[in-house]
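Close look at the chain arrangement
Here is how the chains run, residue by residue.
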Amino acid sequence: GRALKNVIRSKGFVWVDTDPTYTMYWSHAGRHFALQSAGKWWADTSPELLKAAMTSNPDELNTMMQQDWAGEFGDRRQVCCSVLLQCVVA
């Protein structure tokens, strides 16, 4: 309820500690809220699948690795965007 009172819409990808190997997709609009699996993080992908992905689309994957990879956490991160109404920043 009240925690999202002034949030009109929010969405993104999150890392949840109860299921850390999977990317979770966060989607919220009005009273609707969903959190569902969007597949594994690249950091948790088997070496065989990672090699196959690199073979099929090396430029895109290399760019992602350079931009989004962070030490031991790899590509696991929180990426969310929100549309707010009457937000007061303290």
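Cut-off values and rules
- Residues numbered from 1 in each chain as written.
- Predicted model: local features only at pLDDT ≥ 70, side-chain atom pairs only at ≥ 80, totals over all residues.
- Heavy atoms only, no water.
- Patch = residues over 30% accessible without salt bridge, like charges linked within 9 Å, V, L, I, M, F, W, Y side chains within 5 Å.
- Areas by Shrake-Rupley, 256 points an atom, 1.4 Å probe, with all protein chains shown as cover.
- Salt bridge = Lys/Arg side-chain N within 4 Å of Asp/Glu carboxyl O.
- Helix = DSSP H or I, 4+ residues; strand = E, 2+ residues; numbered from the N terminus.
- Buried < 20%, exposed > 50% of the residue type's maximum accessible area, 1.4 Å probe, protein only.
- Contact = heavy atoms within 4.5 Å.
- Pairing = 2+ DSSP bridges.
- Disulfide = S-S within 2.5 Å.

**A few points about a nonpolar patch on the surface**
- On the surface, a nonpolar cluster with roughly 260 Å² of combined accessible area is contributed by Ile8, Val83 and Leu85.
- The topology assignment puts Leu85 in the segment after β4 (79-84).
- Assessed through its relative accessible area of 47%, Leu85 is described here as partly exposed.

**Remarks on the side chain of Ser27**
- With respect to the helices and strands, the residue Ser27 is situated in strand β2 (residues 22-29).
- Looking at Ser27, the relative accessible area reads 13%, which means it is buried.
- With residues up to four places along the chain from it excluded, the contact list for Ser27 reads Arg9, Ser10, Lys11, His32, Phe33 and Ala34.

**Points about the pattern of salt bridges**
- As enumerated under the stated definition, the model contains 2 salt bridges in all.
- A salt bridge links Arg76 to Asp44, with the nearest nitrogen and oxygen atoms 2.9 Å apart. With Arg76 in the loop between α2 (58-68) and β4 and Asp44 in the loop between β3 (32-40) and α1 (47-56), the pair connects residues that are 32 residues apart, well separated along the chain.
- Ionic pairing is found between Arg77 and Asp68, a salt bridge with its closest N-O pair at 3.4 Å.

**A word on the pairing of strand β1 (residues 7-15)**
- Note that β1 and β4 share 6 bridges and pair antiparallel. Considered in β4, the bridge of Arg9 is made with Val83.
- Bridge count for β1 against β2 is 7 bridges, and the pairing is antiparallel. Bridge assignment links Arg9 to a residue of β2, and that residue is Ala29.
- The loop that links β1 with its antiparallel partner β2 comprises 6 residues.

**Comments concerning the state of the cysteines**
- Applying the stated criterion across every chain, the model contains 0 disulfides.
- Just so you know, Cys80 is unpaired, no disulfide at all, and the nearest cysteine sulfur is the one on Cys81, 8.7 Å from it.
- Taking relative accessible area as the criterion, Cys80 reaches 46% and is therefore assigned partly exposed.

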